[in-house]
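What follows is each chain in one-letter form.
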Amino acid sequence: GSHHELRKLNQRLDLIRNATAKSGGVYLYANQQGCDGGRLYFDGCALIAVNGEIVVQGSQFSLKDVDVLTAQVNLEDVRSYRGSMISRSVQASQSQPIPRIDVDFDLTVEEYHRAPSVPVNVHYHLPEEEIAYGPSCWLWDYLRRSGARGYFLPLSGGSDSSAVATIIGSMCQMVVKESAKGNQQVIHDVRRLTGKEESDYVPSDARELANRIFCTCYMGTKNNSQTTRNRANTLADQIGSYHLNADINSVVDAMLSLFTRLTGKMPQYKVQGGTDAENSALQNIQ
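These numbers come from a predicted model, not from an experiment. (Residues numbered from 1 in each chain as written. Predicted model: local features only at pLDDT ≥ 70, side-chain atom pairs only at ≥ 80, totals over all residues. Heavy atoms only, no water.)

1. Re the state of the cysteines
Note on terminology: disulfide describes a covalent bond linking the sulfur atoms of two cysteines.
Item 1. Summed over all chains, the structure comprises zero disulfides.
Item 2. No disulfide involves Cys137; its sulfur sits 10 Å from the nearest other cysteine sulfur, which is in Cys35.
Item 3. Looking at the unpaired Cys172, the closest cysteine sulfur is the one in Cys137, lying at 13 Å.
Item 4. For Cys172, a relative accessible area of 1% corresponds to the buried category. (Disulfide = S-S within 2.5 Å. Buried < 20%, exposed > 50% of the residue type's maximum accessible area, 1.4 Å probe, protein only.)

2. Here's the deal with the sheet that holds strand 1 (residues 26–29)
Hydrogen bonds along the backbone pair up the strands of a sheet, which may run parallel or antiparallel.
Item 1. Pairing in this open sheet of three strands is antiparallel, and the strands run 1-4-5 from one edge to the other. Since the sheet does not close on itself, it has two edges, and those belong to strand 1 and strand 5 (53–57), each with one partner. Averaged over all pairs of adjacent strands, the angle between their axes in this sheet comes to 20 degrees, without regard to strand direction.
Item 2. In this sheet, strand 5 lies alongside strand 4 (residues 47–50) in antiparallel orientation, the contact comprising four bridges. (Pairing = 2+ DSSP bridges. Helix = DSSP H or I, 4+ residues; strand = E, 2+ residues; numbered from the N terminus. Axes fitted to C-alpha atoms, helices over the stretch in contact; angles between N-to-C directions.)

3. Examining empty space enclosed by the protein
Item 1. If you walk through the whole model with that rule in mind, you get one cavity of 30 Å³ or more.
Item 2. In this model, the largest cavity occupies a volume close to 70 Å³.
Item 3. Around the largest cavity, the lining residues are Gln33, Gly34, Tyr41, Ser62, Leu63, Lys64, Asp65, Cys137, Trp140, Asp141 and Arg144.
Item 4. Going through the elements one at a time, strand 2 (33–35) and helix 4 (127–146) are the ones with two or more residues in the lining of the largest cavity.
Item 5. Take the lining of the largest cavity: its biggest share by element is four residues, from helix 4.
Item 6. In the lining of the largest cavity, the residues fall into four nonpolar, three polar and four charged. (1 Å grid on protein atoms, 1.4 Å probe; cavity = no way out; pocket = protein on both sides within 12 Å on 5 of 7 lines; lining within 4 Å. Points joined across faces, edges and corners; volume = space filled by probe spheres on them. Nonpolar A, V, L, I, M, F, W, Y, C, P; charged D, E, K, R; others polar.)

4. What to know about the environment of Asp189
Item 1. Among the structural elements, Asp189 can be located in helix 6 (residues 184–193).
Item 2. Along the primary structure Asp189 and Tyr27 are separated by 162 residues, whereas in three dimensions their C-alpha atoms are 34 Å apart.
Item 3. With residues near it in sequence (within four places) discarded, Asp189 still touches Trp140 and Arg144. (Contact = heavy atoms within 4.5 Å.)

5. A look at the nonpolar core
Item 1. Trp140, Met171 and Leu209 are the most contacted members of the largest nonpolar core, which has 31 residues in total.
Item 2. Elements represented by at least two residues in this core include exactly helix 4, strand 6 (151–154), helix 5 (159–180), helix 6, helix 7 (206–213), strand 7 (214–220) and helix 8 (226–239).
Item 3. Apart from residues lying up to four places away in sequence, Met171 is in contact with Ser136, Leu139, Trp140, Tyr151 and Ile213.
Item 4. In terms of nonpolar packing, the next biggest core, distinct from the first, is built from nine residues, Leu9, Ile16, Ala49 and Val122 among them. (Core = buried A, V, L, I, M, F, W, Y, C linked by side-chain atoms within 4.5 Å.)

6. Considering unusual backbone geometry
Item 1. At Cys45, a position not held by glycine, the phi torsion is positive, near 65 degrees.
Item 2. Relative to the helices and strands, Cys45 resides in the loop between strand 3 (41–43) and strand 4.
Item 3. Positive phi, normally seen in glycine, also occurs at Asn51, with a value near 50 degrees.
Item 4. Inspection of the secondary structure puts Asn51 in the loop between strand 4 and strand 5.
Item 5. Classification of Asn51 by relative accessible area gives buried; the value is 14%.

7. So, the pairing of strand 8 (residues 242–247)
Along any regular strand, the residues point their side chains to alternate faces of the sheet.
Item 1. Here six bridges tie strand 7 to strand 8, and the two strands are oriented parallel to one another. Paired with Thr216 across the strands is His243, a residue of strand 8.

8. Quick word on the pattern of salt bridges
Item 1. Within the structure shown, the criterion is met by 14 salt bridges.
Item 2. Between Asp65 and Arg144 there is a salt bridge, and its shortest N-O distance comes to 2.6 Å. Taken together, the positions of Asp65 in the loop between strand 5 and helix 2 (75–83) and Arg144 in helix 4 put the pair 79 residues apart, joining distant regions of the chain.
Item 3. Under the relative-accessibility criterion, Asp65 is labelled partly exposed at 42%.
Item 4. A salt bridge links Asp237 to Arg207; its shortest N-O distance comes to 3.5 Å. Remark: Arg207 occurs in helix 7 and Asp237 occurs in helix 8; sequence separation between them is 30 residues.
Item 5. You can call Arg207 partly exposed: its relative accessible area is 39%. (Salt bridge = Lys/Arg side-chain N within 4 Å of Asp/Glu carboxyl O.)

9. Details of the side chain of Ser136
Item 1. Its place among the elements puts Ser136 in helix 4.
Item 2. Overall, the relative accessible area of 1% leaves Ser136 in the buried class.
Item 3. Setting aside residues no more than four positions away along its own chain, Ser136 makes contact with Ile167, Ser170, Met171 and Met174.

10. Points about the packing of helix 4 against helix 5
Item 1. The geometry of helix 4 relative to helix 5 is characterised by a closest axis approach of 8 Å and an angle of 75 degrees between their N-to-C directions. When the axis of helix 4 is compared with that of helix 5, the two are roughly perpendicular. Contact residues: helix 4 offers Ala132, Tyr133, Pro135, Ser136, Cys137, Leu139 and Trp140, while helix 5 offers Ile167, Ile168, Ser170, Met171, Met174 and Val175.
Item 2. Residues that form the contact of helix 4 with helix 5 fall into these classes: eleven nonpolar, two polar and no charged. (Parallel < 35°, antiparallel > 145°, perpendicular 65-115°, else oblique.)

Don't take any of this as a statement about function, it's just geometry.
The structure is reproduced here in structure tokens:
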């Protein structure tokens, strides 16, 4: 099991290609797929290599539970590849031929007589795609296995919460695409999460799905600008989340009032004459 890190597939393929190119051989790489319940995500992308060439590559960042790959491999290709190496030529010239016995039957039926698999062009995702797909798959796997019904996000209009919202929007797009392919496990999970187990519901629009399983809330105070509120509203509308606007001035005032009663001091923002520590504390309360 090799968990995902940015551009890690490049490292895997370099290792696998080098190992089989130097010594010859068949390399079967199988990887786990999905989240482990903690912080790790396993991105799958199983593959088969022969003599330094990739002959089949599985899906990466997939919502499938299982991905099965097959390839036709000729072991004589490995033998001849190894025999062609200068470092092995003396050893190969002194080796005794392997005895062969011809028999009047086949181990496979006629339809399975296929040519060996040919090398394929390996598909690499762009770094931006890895950043979007990896966390999106993790979020979906965690959601469907946790028993929860969706995600709630305080959306401030800033970069951090907006990035998280965008990743969940990407997750909804991936779920819709996989449902359109007929993935019954994904469809079953969607129906359970949305409370439609007894229906024939299949999500066809990412924004509509987001509205069912993703709730965002702008928690504004008198210190927030209309600009950040507008950003939060616009992003929520584009993703399709169920969006709320909440005024939390009363909650903040209550905490400050309690603090003042206990300490006899009212903290102030730095622009109002306060200190850096007071400035950070007031922001943390919000």
